[in-house]
2 protein chains.
Amino acid sequence: MKLKQLLGLRFKETPAECQITSHILMLRGGYMKNVGNGIFSLFTPGKRIMQKIEAIIREEMDRIEGQEVMLPVSMPASLWQESGRYDSVGSELMRFKDRNGSEMVLGMTHEEAVVHLARDAAQSYTDYPFMVYQIQTKFRDEPRSRGGLIRVREFTMKDAYSFHTSQEDLEQYYMRCHEAYERIYARTGIPEVVSVQSDSGMMGGKIAHEFMFLTDVGEDTIVTCTSCDFRSNIEVAECIVTNSEGADTALECVATPDIKTIDDLCKLFSTTADKTCKAVLYRKNESNELVIVFVRGDLEVNEIKVSNFLKEKVHPDTSTNTDGIEYGFVGPMELGAKATVLFDKSLVGACDLVCGANKADYHYRGFTPSRDLASQPEYHDFATTYEGAICPKCAKESVKICRGIEVGNIFQLGTKYSESMSMNYNDSEGNLKNPIMGCYGIGVGRLAASVCEIHHDDYGPIWPMSIAPWQVHICALRADDEQVSEVANKLYDEMLKAGVEVIFDDRLVSAGVMFSDADLIGVPVRVIVSPKTCGRGVVEVAARDKSFKEDVAPEDAVQYVKEVIARKLAELML
Amino acid sequence: MKLKQLLGLRFKETPAECQITSHILMLRGGYMKNVGNGIFSLFTPGKRIMQKIEAIIREEMDRIEGQEVMLPVSMPASLWQESGRYDSVGSELMRFKDRNGSEMVLGMTHEEAVVHLARDAAQSYTDYPFMVYQIQTKFRDEPRSRGGLIRVREFTMKDAYSFHTSQEDLEQYYMRCHEAYERIYARTGIPEVVSVQSDSGMMGGKIAHEFMFLTDVGEDTIVTCTSCDFRSNIEVAECIVTNSEGADTALECVATPDIKTIDDLCKLFSTTADKTCKAVLYRKNESNELVIVFVRGDLEVNEIKVSNFLKEKVHPDTSTNTDGIEYGFVGPMELGAKATVLFDKSLVGACDLVCGANKADYHYRGFTPSRDLASQPEYHDFATTYEGAICPKCAKESVKICRGIEVGNIFQLGTKYSESMSMNYNDSEGNLKNPIMGCYGIGVGRLAASVCEIHHDDYGPIWPMSIAPWQVHICALRADDEQVSEVANKLYDEMLKAGVEVIFDDRLVSAGVMFSDADLIGVPVRVIVSPKTCGRGVVEVAARDKSFKEDVAPEDAVQYVKEVIARKLAELML
């Protein structure tokens, strides 16, 4: 199309309240416009990028035998009541009532809908395995939308669901899907994406991976290892520490008036935080029951690990002096409180610690859990690992913490939904079984923004050929010059005929405006026609990423750019 | 793909509560499944049909310089408050509150969103005209969803919006869009669709057309003419009648105890309904103010005409004996009631009528409006036309009433939204102006169902080549036969390589099951491979619509079906 017809403003200024490059450039380049909190409209360049990403995803899903379906955005609440998630999911699930007062939800994920679709249709083991997917609008009422398309409330997502008759079959398919995801990221221009083990969160199931694009502007925390290939979301990365040996000091109760923090305790007792035992208090979301986690004083407790262990959500306890708790002085001995008490495994082998005495203004010193606890507790992994901690895979002190954007996730769901929603099949011996499910998601807009995060310069995005809004950008400088106009228009027509996706700028604007607009639109190949190039009998073909710049005879230009396009697309294939 | 992998049940029985053929066949053929009131999931065949229709629409919108964009499903209510529709649209607009208590709506149409997108980006007359469109999910909380995909609450719609600096430019573009719509209906296989003048309803604006697929199962009433090409929605078709001349009878008040219906009056006075004048009572929706419409007794008043005339919505009055009204005896003379009083033009030239006397149990006879009304009222068109009435175009008594499904609509919106939402541009003289808008909609699912309504037989849909879920259906009868399996598999592979969209049935089922499934899937070209055809050294190529059946050598089959596909597609082009 002609650039002068393209709707959308392009401008130089950084818009207010934008911190992330992709957000800034995609606003400055006329890709999108904010409609409300976490809700965007897309102009044509943004929409075209989305469609190209969707086409790549579609190809890769079809290649692993996916069947495209369409599940509704709006659903009766009864579907979510069947699975139990109508109650268990928080206010990110948008609930509303229709004109008849019927309760409804907006789909933020579609396990319920897909089980509803499939459960009558796959009643024999011979109908398995199968995978269905859709590319559809979703709504998630995020408390904090931010970063342009990185975290929004309404978004386009590819979600896929597979159904199996054995765990082995699921695992095999899960790996095929993992590979399909790697191809998707490679083809869209971000092969840097890595998969990490992750928490399955509200989805249920045990094994899950997130595909992470590592970047400082990411909002997820990733644990990697500098000596091996260990990678994990911090929510599931085991925290491994060693405890120094210490003297067999006697337990002693000491007055510690008004000393409530680990720092103050360390000063008072001239010790370090790893020689203390602290209590971290939570409440269960539903029952409000108290949960106390004891952990080595230098470590942090990970709330998600606690929730996963208890199989119910918890939140930090903010009350004071209830349930017989002496806040600030809570310790593992003679704890009279009515609470679920958990011990982190950082306390295994620890000795000579300072800990609370469950009495106002008193602490113990010389606490050695293996000696002093009346009955030995079970120790589990509740602490958050940290930079320099021991790698769970290679056992070296080489844990590294970095940030990432989650651009996809895959889950082994198990039978959570097929059981709760009574989806059954007859196995080869006539027994009723619940199919085993996997689910696989990619946010299309977030992927687009992530590509922009890595592929840009100071002047605008540099879109990979596979997802660029157009493949070629013709700049006719001085389109009022007869020769320029003739050459440029002929090229434009020929490229359209040759099936090249081309945008044509024949506005009578300065070279500066024309090129800065072209930079913001980020099309990978630029063809410049000007009185100068016409004088030389050529057009100039240049790469947006500055990797080449060539004079080409106008009659060879279409063939030339077609070869460039083919080469650039081939380079993106795994 | 292989049919045995396709998710979805196919069955013979007519599902309960289905009255419409497309609904029955699309359920029986595994195209879709009902999720809730007016909400459906689509299996792969249904989704593929939708995608093909969308691709055709996209091509035709791009051909008239449309720019594809994406507007959100969920929107802040403030956008709709700007245009005034947050209050003026009824409960079909789904309103809800997000986690922060902010009011939101689900998009049922996107005038507000598109003005929001475009208003900063088109500030100079040189930016005009332009058209943007999207293909997106919409939600309309219909009181009565019915007929499968014909009337649903959640649906996929193409909505387009054009912006112009003059009425002439809008009208020119409106005609181009009208032609694009005709191409869309032709290409999707229903060239029978006709455009009719229509009411612009809640959209605002004056000139509007609906594209109607005429069918007895339609829910819209269309007025056509048996002698000319007049076509109109009944809501805007002028009702033209002639009045017989009569004697100059004197006005006389007659006791008519308990006579309240036109029928009873006619009996009592030995006259016909066209010699009576009846009062039809409404209330204004907002103020509850009474509206009385006088009309010839044999005609019905059209509520939409009344609303359009008053520029506000009305509803039938259901109260009794209030506002000084003598219900059942309301007449145009000495009417003491506080009400807006309207006269239908069927009363022009009428004479010697029976009408209410505004007194319990009394009527007048001999009423002649031109003589007896104290002041002569304005007469307007409020009555509903009827079979045999006078055609507004050719003036013959040739009005025909039929039913139709609205499969598209186009509106000249004018400046309703650009004014209310302050969208301005500078004209060539530097004056601020509001752009003039048009909008253009097509429901994708309803179009799919309409195609099925016309293209089917007793055994299933007969999809046109352009939108069929696949182009070719290979039936391998006795796929356990080595030769059958070899020929069929080779054909399948070759067709995939040749880019033919093919579904392959190699299940070990009876010919009856295989063919009835193929009938339900409705793919236009069927290739049958069986021990018999192999014995003859051929495969059988047959049309789903029974228009041909040929024996073809296996090595020629791919070329043969490619030619059939090309021919069938060409036949659908206008």
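Please refer to the structure placed before this passage.
The model shown is predicted, which means the values in this text are computed figures rather than measured ones. (Residues numbered from 1 in each chain as written. Chains lettered and ligands numbered in written order. Predicted model: local features only at pLDDT ≥ 70, side-chain atom pairs only at ≥ 80, totals over all residues. Heavy atoms only, no water.)

S.K.: Describe the sheet that holds strand S29 (residues 472-476) of chain B, with residues and values.
M.R.: All names here are of chain B. Strands sit in the order S30-S29-S31-S32-S33 across an open sheet of 5 strands; the sheet is mixed. Both edges of this open sheet fall to strand S30 (502-505) and strand S33 (549-552), since each of them pairs with a single strand only. In this sheet, adjacent strand axes meet at a mean angle of 20° when their direction is disregarded. Pairing of S29 with S30 involves 4 bridges; the strand directions are parallel. Of the residues in S30, the one forming a bridge with His473 is Ile503. Of the strands in this sheet, S29, S30 and strand S31 (525-529) are in contact with helix H13 (residues 511-521), which crosses S29 at around 170°. Against the sheet, helix H15 (residues 554-571) makes contact with S29, S31, strand S32 (539-543) and S33, and its axis sits at roughly 145° relative to S33, the strand it touches most. (Pairing = 2+ DSSP bridges. Helix = DSSP H or I, 4+ residues; strand = E, 2+ residues; numbered from the N terminus. Axes fitted to C-alpha atoms, helices over the stretch in contact; angles between N-to-C directions. Contact = heavy atoms within 4.5 Å.)

S.K.: Please set out the interface of chain B and chain A residue by residue, giving values where relevant.
M.R.: Each side of the interface is counted separately: chain B has 58 residues, and chain A has 58 residues. Interface of chain B and chain A: buried area, both sides summed, is about 5000 Å²; carbon and sulfur atoms make up 56% of it. Contact with chain A buries surface across chain B, with B:Leu7, B:Met70 and B:Arg99 losing the most and accounting together for 15% of the total. Counting the contacts that link chain B with chain A gives 4 salt bridges. For B:Arg153, the salt bridge goes to A:Asp98, with nearest N and O atoms at 2.8 Å. For the pair chain B and chain A, the number of links is 28 residue pairs in polar contact (both at pLDDT 80 or more). Counted by class, the side of chain B that touches chain A contains 28 nonpolar, 16 polar and 14 charged residues. (Buried area = accessible area lost by both parts, 1.4 Å probe. Salt bridge = Lys/Arg side-chain N within 4 Å of Asp/Glu carboxyl O. Polar contact = N/O pair within 3.5 Å; in protein donor to acceptor, adjacent residues only side chain to side chain. Nonpolar A, V, L, I, M, F, W, Y, C, P; charged D, E, K, R; others polar.)

S.K.: Which residues make up the pattern of salt bridges, and what values go with them?
M.R.: All told, the structure shown has 84 salt bridges over all chains when counted by the stated rule. Across the pair B:Glu111 and B:Arg85 runs a salt bridge, and its minimum N-O distance is 2.8 Å. On the criterion of sequence distance, the pair formed by B:Glu111 in helix H5 (residues 111-118) and B:Arg85 in helix H4 (residues 85-88) is long-range, its members being 26 residues apart. Just as B:Glu111 is buried, B:Arg85 falls in that class too. One salt bridge connects B:Glu540 with B:Lys549, and the closest N-O pair in it is separated by 4.0 Å. Judged by relative accessible area, which is 61%, B:Lys549 ranks as exposed. Taken together, the shared-partner salt bridges connect A:Glu59, A:Glu60, A:Arg63, A:Arg183 and A:Arg187 into one network. (Buried < 20%, exposed > 50% of the residue type's maximum accessible area, 1.4 Å probe, protein only.)

S.K.: Quick one: what's the story with helix H15 (residues 554-571) of chain A, residue by residue and with numbers?
M.R.: All names here are of chain A. Between the first and last C-alpha of H15 there are 26 Å, a value that for 18 residues agrees with the 26 Å anticipated at 1.5 Å per step. Here H15 has its buried residues at Ala557, Val558, Val561, Val564, Ile565 and Lys568. Take H15 and look down its axis: the buried residues cluster within an arc of 130°, on one side only. The elements touched by buried residues of H15 are strand S27 (472-476), helix H12 (482-497), strand S29 (525-529), strand S30 (539-543) and strand S31 (549-552). (Expected span 1.5 Å × (residues − 1). Arc of directions from axis to C-beta.)

S.K.: Requested: an account of the side chain of B:Gln136, with residues and values cited.
M.R.: Residues and elements named next belong to chain B. Relative to the helices and strands, Gln136 is located in strand S7 (residues 130-139). Accessibility expressed as a relative area gives 4% for Gln136, which makes it buried. A distance of 2.8 Å separates a polar atom in the side chain of Gln136 from the backbone oxygen of Leu71.

S.K.: Report on helix H6 (residues 167-187) of chain B, specifying residues and quantitative values.
M.R.: All names here are of chain B. With 21 residues, H6 should reach 30 Å at 1.5 Å per residue; the first-to-last C-alpha distance of 30 Å fits that figure. Among the residues of H6, Leu170, Tyr173, Tyr174, Cys177, His178, Ala180, Tyr181, Arg183, Ile184, Tyr185, Ala186 and Arg187 are the ones counted as buried. The first or second residue beyond H6 is Gly189, which carries a positive phi of 100°.

S.K.: For empty space enclosed by the protein, give the residues involved together with the corresponding values.
M.R.: All names here are of chain B. In this structure the tally under the stated criterion is 1 cavity of 30 Å³ or more. Of the voids in this model, the largest cavity is the one considered here, and its volume is about 40 Å³. Here the lining of the largest cavity gets 3 residues from one element, more than from any other, and that element is S7. The residue inventory of the lining of the largest cavity, partitioned by class, reads 5 nonpolar, 2 polar and 2 charged. (1 Å grid on protein atoms, 1.4 Å probe; cavity = no way out; pocket = protein on both sides within 12 Å on 5 of 7 lines; lining within 4 Å. Points joined across faces, edges and corners; volume = space filled by probe spheres on them.)

On their own, these measurements won't tell you what the molecule is for.
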